[in-house]
Amino acid sequence: MPNLKSLAKDTAIYGLSSIVARFINYLLVPIQTARFAASGGEYGVITNVYAYVSILIILLTFGMETTFFRFMNRDGEQPEKVYSTTLRMLATTSLLSIVLVLLLLQPIASLAGYADHPEYVGVMYVTVAIDAFTCIPFAYLRYRHKPLKYALLKIVNIVLNITLNLLYLIILPALRLNPFGIYDEQFTLDVAFVFYINLTCTVVSLLLLWRELRGFRFGFDTAVCRRMLSYTWPLFIMGVAGQLNQAASQILFPYLFDGSLQEAREQLGIYGACIKIAMIMVMITQAFRLAYEPLVFGHYKDNDNREYYAKAMKFYLIFTLLAFLTVMGYIDLLKFIIGESYWEGLRVVPIVMAAEIMFGIFFNLSFWYKLTDRTIWGAYFSGIGAVLLVIVDVLFIPGYSYMACAWAGFVAYGVSMLLSYFIGQHYYPVRYPLGQMGVYTLAALLLFAAMAFGRNVLPLWASLVVNSVLILLFVALIVRRDLPLSSLPVIGKKFK
């Protein structure tokens with residue numbers, strides 16, 4: 001059975017880059033929400049453009065990241081050929097799509113609602129095309145079990161990102177200097193600088209992967225390409241549908257909101273800023289996925305792997321519930337991450353975090369159809385979720401604004417999760433500890449209800465104290481049931 005300690009170690013290392021990335025994003029949020037007030041709608045532009053980006057990255061990678069791991073560990077395949085073929089496929093599609101988009105830039109920008117600023121679309125498309133290609137070299141680092149190098153490259157990108165944001169959003173405007181460092185009293189900051197900074201960081205990441213790019217030399221195998229495409233197309237559909245569950249609301253919002261485009265961007269900016277607080281759940285899920293996926297495909301023939309999947313699911317749920325309680329317990333402090341003009345949207349945070357927990361469970365469940373080569377089921381589940389999300393958005397955004405976006409994601413992930421579980425138990429039954437997981441879920445809900453009640457009746461300092469005690473109670477439950485102190489290194493010696 002794969003070692004849970006190994007999974008925890010790799011999750012921690014991969015999570016380091018993810019944690020730092022999210023923390024930097026938290027630093028960028030106060031910078032950007034202070035620089036771009038909610039009333040201006042600029043943060044709504046950022047939210048909307050990045051929603052398009054999240055869909056495009058799925059389109060341009062077309063499920064090849066997961067397919068790559070499957071074929072690198074598949075009997076009869078040559079890993080060097082698989083890697084080189086995958087690199088060449090994504091390099092070709094990325095380059096061709098960049099040329100096509102730049103040729104059709106103005107009509108595409110008009111369709112997206114940015115006819116006056118086609119540079120937003122052009123710059124971000126080039127950025128996302130390069131990012132799509134670099135997904136494979138980064139996946140190769142994971143395949144080779146090099147989490148330290150993976151994390152280092154990610155952190156370099158992050159440090160550069162924050163440095164350039166501070167320079168161009170804070171320092172130069174304060175000194176009345178234009179982007180070239182020349183004094184200009186009339187210079188005004190445009191949101192486009194956020195997109196130019198991302199492009200710069202992406203190009204630097206590409207250059208730092210030069211060793212991994214030597215994989216091109218193994219050539220292109222047409223037969224391998226056909227086999228990979230045959231495996232990946234359901235994953236592609238699943239990926240697009242799954243990402244629509246996360247991004248469709250931000251894309252559709254300006255078209256469905258009952259008001260002017262400016263008002264729509266203001267409301268979308270409030271929603272986009274507040275869900276940043278909930279992104280800790282995305283961070284945990286991403287870190288878990290980066291470590292879990294290579295291990296699952298590398299050890300899928302082990303006799304006791306189903307027990308491993310069951311334990312991993314339980315501990316994933318435990319620690320995401322702990323993260324949920326921690327964020328909600330200190331929401332009155334975390335809200336200072338965003339500008340005060342955005343605080344009215346904080347009510348979406350618990351809904352979005354709960355939705356992300358369900359998405360993480362859905363990801364954990366996904367291995368039954370990936371390992372049995374029934375990937376079409378993933379497309380069905382994600383597609384149904386995406387359809388439900390769009391229906392909720394269309395029906396309720398006009399009347400309930402961004403609250404409809406939060407609940408749409410909750411419904412979509414919840415239904416996808418339940419369908420995957422019940423159908424998966426037929427094709428690839430796993431005895432998940434549902435009773436134990438239910439105890440933790442019920443405990444978390446009761447503690448959250450107590451936090452919400454205390455927040456309404458207690459002064460801030462008392463509410464924070466009570467919430468800290470409630471979080472410690474949940475930790476005590478974990479220690480008592482699943483992580484006894486005697487089992488921990490160093491500390492455990494004192495309890496034996």
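Residues numbered from 1 in each chain as written. Predicted model: local features only at pLDDT ≥ 70, side-chain atom pairs only at ≥ 80, totals over all residues. Heavy atoms only, no water.

1. Some details on the overall build of the chain
Move 1: Of regular secondary structure, the chain possesses 19 helices and zero strands.
Move 2: Counting over 496 residues, the chain shows a buried share of 53%.
Move 3: Taking the intrachain contacts of the chain between residues at least 6 apart in sequence as the baseline, contacts between residues at least 24 apart amount to 82%.
Move 4: A total accessible area of about 22,300 Å² is found for the chain, and carbon and sulfur atoms account for 67% of it. (Helix = DSSP H or I, 4+ residues; strand = E, 2+ residues; numbered from the N terminus. Buried < 20%, exposed > 50% of the residue type's maximum accessible area, 1.4 Å probe, protein only. Contact = heavy atoms within 4.5 Å. Areas by Shrake-Rupley, 256 points an atom, 1.4 Å probe, with all protein chains shown as cover.)

2. A few points about the packing of aromatic side chains
Move 1: In this structure the tally under the stated criterion is 27 aromatic pairs.
Move 2: Joined through ring pairs, the aromatic side chains of W368, Y369, W377, Y380, F381 and Y427 make up one cluster.
Move 3: A cation sits over an aromatic face here: K335 above W343, 4.4 Å from the ring centre.
Move 4: We note R481 situated over the ring of Y440; from NZ or CZ to the ring centre the distance is 5.9 Å. (Phe/Tyr/Trp six-rings, centres within 6.5 Å; stacked < 30°, edge-to-face > 60°. Lys NZ or Arg CZ within 6 Å of the ring centre and 35° of its normal.)

3. Some points on a nonpolar patch on the surface
Move 1: A surface patch of nonpolar side chains, about 470 Å² in accessible area, is lined by V99, L100, L103, L104 and I108.
Move 2: In terms of residue count, helix 4 (residues 79-103) provides more of the nonpolar patch than any other element does, three residues in total.
Move 3: As for its position among the elements, I108 is in helix 5 (residues 105-112). (Patch = residues over 30% accessible without salt bridge, like charges linked within 9 Å, V, L, I, M, F, W, Y side chains within 5 Å. Salt bridge = Lys/Arg side-chain N within 4 Å of Asp/Glu carboxyl O.)

4. Here's the deal with the pattern of salt bridges
If the charged atoms of two oppositely charged side chains come close together, the side chains can form a pair.
Move 1: The tally for this structure, following the rule as stated, stands at three salt bridges.
Move 2: Residue D332 pairs with K335 through a salt bridge whose shortest N-O separation is 4.0 Å. Of the two residues examined, D332 and K335, each falls in the buried class.
Move 3: Salt bridges sharing common partners tie together D332, K335 and R455.

5. Some thoughts on the packing of helix 6 (residues 118-143) against helix 8 (residues 192-208)
Move 1: It is at 9 Å that the axes of helix 6 and helix 8 come closest, and there the two elements cross at 25 degrees. Judged on the interaxial angle alone, helix 8 and helix 6 are roughly parallel. Note on packing geometry: the crossing formed by helix 6 with helix 8 is left-handed. Listed contacts from helix 8 to E119, Y120, V123, M124, V126, T127, I130, D131, F133 and T134 of helix 6 are A192, F195, Y196, N198, L199, T202, V203 and L206.
Move 2: Tallied by class, the residues present in the contact of helix 6 with helix 8 amount to twelve nonpolar, four polar and two charged. (Axes fitted to C-alpha atoms, helices over the stretch in contact; angles between N-to-C directions. Parallel < 35°, antiparallel > 145°, perpendicular 65-115°, else oblique. Left-handed = near helix turned anticlockwise from the far one by under 90°. Nonpolar A, V, L, I, M, F, W, Y, C, P; charged D, E, K, R; others polar.)

6. Regarding unusual backbone geometry
Move 1: Although it is not a glycine, S401 adopts a positive phi angle of roughly 55 degrees.
Move 2: Tracing the sequence through the fold places S401 in the loop between helix 16 (376-400) and helix 17 (402-427).
Move 3: We classify S401 as buried; its relative accessible area is 12%.

7. Comments concerning the environment of L470
Move 1: Structurally, L470 can be placed in helix 19 (residues 460-481).
Move 2: Taking the C-alpha atoms as reference points, L470 and M451, 19 residues apart in sequence, are found 7.9 Å from one another.
Move 3: When residues no more than four places from it in sequence are discounted, the contact partners of L470 are L447, A450 and M451.

8. Examining the side chain of S249
Move 1: On the secondary structure map, S249 appears in helix 9 (residues 222-256).
Move 2: Dropping the residues within four chain positions of it, S249 is found in contact with L389, D393, C405 and A408.

9. With respect to helix 18 (residues 434-457)
Move 1: Spanning 24 residues, helix 18 covers 35 Å between terminal C-alpha atoms, matching the ideal 34 Å at 1.5 Å per step.
Move 2: Of the residues making up helix 18, those classed as buried are M437, Y440, A443, A444, L447, M451 and G454.
Move 3: Against helix 12 (305-329) and helix 19 lie the buried residues of helix 18. (Expected span 1.5 Å × (residues − 1).)

10. Some remarks on the nonpolar core
Where a protein is soluble and globular, its nonpolar side chains tend to be buried together.
Move 1: Within the largest apolar cluster, 125 residues are counted, with the highest numbers of intra-cluster contacts made by Y271, I338, V348, V349 and F474.
Move 2: Per-element tally for this core: the top contributor is helix 12, with 14 residues.
Move 3: Once residues lying within four places of it in the same chain are set aside, the contact partners of V349 are C274, I277, A278, V327, M328 and I331. (Core = buried A, V, L, I, M, F, W, Y, C linked by side-chain atoms within 4.5 Å.)

11. Observations concerning helix 10 (residues 261-274)
Move 1: Along its 14 residues, helix 10 runs 20 Å from first to last C-alpha, staying within 8% of the 20 Å computed at 1.5 Å per residue.
Move 2: Counting buried positions over the 14 residues of helix 10 gives ten, a clear majority of the element.

12. Things to note about a positive patch on the surface
Move 1: A cluster of basic residues, R144, K146, R211, R214 and R217, forms a positive patch at the surface.
Move 2: Note on placement: R144 falls in the loop between helix 6 and helix 7 (147-174). (Lys, Arg positive; Asp, Glu negative; His and termini not counted. Charge placed at Lys NZ, Arg CZ, Asp CG, Glu CD.)

13. Considerations on the packing of helix 12 against helix 18
Move 1: Closest axis-to-axis distance for the helix 12/helix 18 pair is 10 Å, and the angle between their directions is 0 degrees. The angle between helix 12 and helix 18 falls in the class roughly parallel. Packed against helix 12, whose contacting residues are M313, K314, L317, I318, L321, F324, L325, M328 and G329, the element helix 18 presents Q436, M437, Y440, T441, A444, L447, F448 and M451 at the interface.
Move 2: A per-class count over the contact of helix 12 with helix 18 returns 13 nonpolar, three polar and one charged.

14. A closer look at the side chain of S84
Move 1: With respect to the secondary-structure elements, S84 resides in helix 4.
Move 2: A relative accessible area of 0% means that S84 is categorised as buried.
Move 3: When sequence neighbours within four positions are dropped, the list of residues in contact with S84 reads G215, F216, F218 and G219.

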